[in-house]
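Listed below are the residues making up each chain.
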Amino acid sequence: MAKKTEWNDYRIIDVDEETKESYCVCLEGWSEEMQEAGDRKCLWYEQMKDKGLGVKLVQDETGVISGMIQYIPSEYAPIEGDGLYYIYCIWVHGHTQGIGDKRKKGLGTALLQAAEDDIKARGAAGIVTWGITLPFWMRAAWYRKHGYRVVQRDSMSRLLFKPLREDASPPRWYTPKKKDIPEKGVLVTSVVNGICPGMNLANLRAKEVVEEYSTGVTFREIVTDDPAVMREWGISDALYVNGKTFMLGPALQKNKLRKMIDKEMRQNR
């Protein structure tokens, strides 16, 4: 059961110039990996803040940011759907490092409610989000408890939807499309949007790994902050090695990428 939160100690605010720094590192300014990811998320924010991007934060009485939610019109998201808003992620700080674990206080529910109220006020027909079936971050079951229903399944991922009007149509994920395979050598394709520091870090590390090879390996970066490019590729963030998906975890491990590249080089001489 969630612990009771004394809301005199917390408030929901919109991101601004003062709080942008915490937002751009997903509240993890203590993390070396977040620092390594660079400023791409902040650049993405500056580009998207006037295109309908919404960001709500939880701030305590001392000014510390404990949680965040970010959402954007569906045309900038990896889904098919008209007049909808897409929640990219909701995050309450859960690490022992930094400000400590702030979960189980009702902060996530408060953030979701604030975002939903804002999205309704913007006149959206419905709200879309995604979740996974495993019992940790972005749990699909948590969204279902808050009135979202599953409209599409892909392995352990779920696309979820909450209509706000009777005329709202359910969304669909884009289908990943372009996966080029060279006749010789290895092509590493990094599809990167900018919104997620973890994906931005993967992009940088992949490029660094490719630069270790003198010949035979090429790096290509596809930026999907343009909706037309996202539709063309059918995905917002991904990493492909000769058209094969390289699974990205919390942070890209260079040794695993090297092994995959070396294997492809042996097979594609």
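Up top is the structure these notes are about.
This structure is a prediction, so every number in the text was calculated from the model and none was measured. Within any chain, residue numbers begin from 1 and follow the written order of that chain's sequence. Since the coordinates come from a predicted model, pLDDT governs what is reported: local features require at least 70, and pairs of side-chain atoms require 80 or more to be given and counted, while whole-chain, interface and lining totals use all residues. The side-chain numbers reported here are obtained from all heavy atoms of the structure, hydrogens and water having been left aside.

K.L.:
In this structure, what is going on with the side chain of Gln70? I would like to understand it.
P.N.:
Within the secondary structure, Gln70 sits in strand β3 (residues 65-73). A polar contact of 3.0 Å, which involves the side chain of Gln70, links it to the side chain of Lys41. Every residue pair with non-hydrogen atoms within 4.5 Å of one another is taken to be in contact. If we ignore the near neighbours within four places in the chain, the residues touching Gln70 are Tyr23, Lys41, Gly54, Val55, Tyr86, Ile87, Tyr88, Cys89 and Ile195. Put simply, DSSP marks the helices as runs of H or I at least four residues long and the strands as runs of E at least two long, and each gets a number from the N terminus on. Side-chain atoms alone can form a polar contact between residues adjacent in sequence; in general such a contact is a pair of N or O atoms within 3.5 Å, and within protein one must be able to donate a hydrogen while the other accepts it.

K.L.:
Help me understand the sheet that holds strand β5 (residues 84-92) in this model?
P.N.:
Strand-to-strand pairing in sheets goes through backbone hydrogen bonds, with the strands running parallel or antiparallel. Spatially, the seven strands line up as an open sheet ordered β1-β2-β3-β5-β6-β8-β7, and their pairing is mixed. Of all strands in the sheet, those bounded by a partner on one side alone are β1 (10-14) and β7 (149-154). Between one strand axis and the next, the sheet turns through 25 degrees on average, direction left out of account. The rule for pairing is simple: two strands pair if DSSP sees at least two bridges between them. As paired elements, β1 and strand β2 (residues 54-60) share five bridges and run antiparallel to each other. Opposite Arg11, over in β2, you have Gln59 as the bridge partner. Axis geometry follows a simple rule: fit a line to the C-alpha atoms, using only the stretch in contact for helices, then measure angles between N-to-C directions, giving values from 0 to 180 degrees.

K.L.:
Teacher, can you tell me more about the pairing of strand β10 (residues 186-192) here?
P.N.:
Put simply, side chains in a regular strand alternate between the two faces of the sheet. Each residue gets one of three labels from its accessible area relative to the maximum for its type: buried under 20%, exposed over 50%, partly exposed in between, using a 1.4 Å probe on protein chains only. Of all seven residues making up β10, seven are buried, and the element is well covered by its neighbours. In β10, alternate side chains face the same way, and those of Val186, Val188, Ser190 and Val192 on one face and Leu187, Thr189 and Val191 on the other are all buried. Pairing analysis gives seven bridges linking β10 to strand β11 (residues 217-223), with the strands arranged parallel. Counted as the bridge partner of Val186 is Val217 from β11. Between the parallel pair β10 and β11, the chain is carried across by helix α6 (residues 197-211), and the sense of this crossover is right-handed. Of the strand pairs in this sheet, β10 and strand β12 (residues 238-241) are connected by four bridges, and their pairing is antiparallel. Looking at the pairing, Ser190 lines up with Leu239 of β12. Seen with the strands pointing away from the viewer, any crossover whose path from the first strand over the helix to the second strand runs clockwise is right-handed.

K.L.:
Would you mind showing me how to read the sheet that holds β10 here?
P.N.:
With mixed pairing, four strands are arranged side by side in an open sheet as β11-β10-β12-β13. Edge strands, defined here as strands with exactly one partner in the open sheet, are β11 and β13 (244-245). Here α6 sits on the sheet in contact with β10, β11 and β12, set at roughly 155 degrees to β11. Against the sheet, helix α8 (residues 254-267) engages β10, β11, β12 and β13, with an angle of about 35 degrees to β12.

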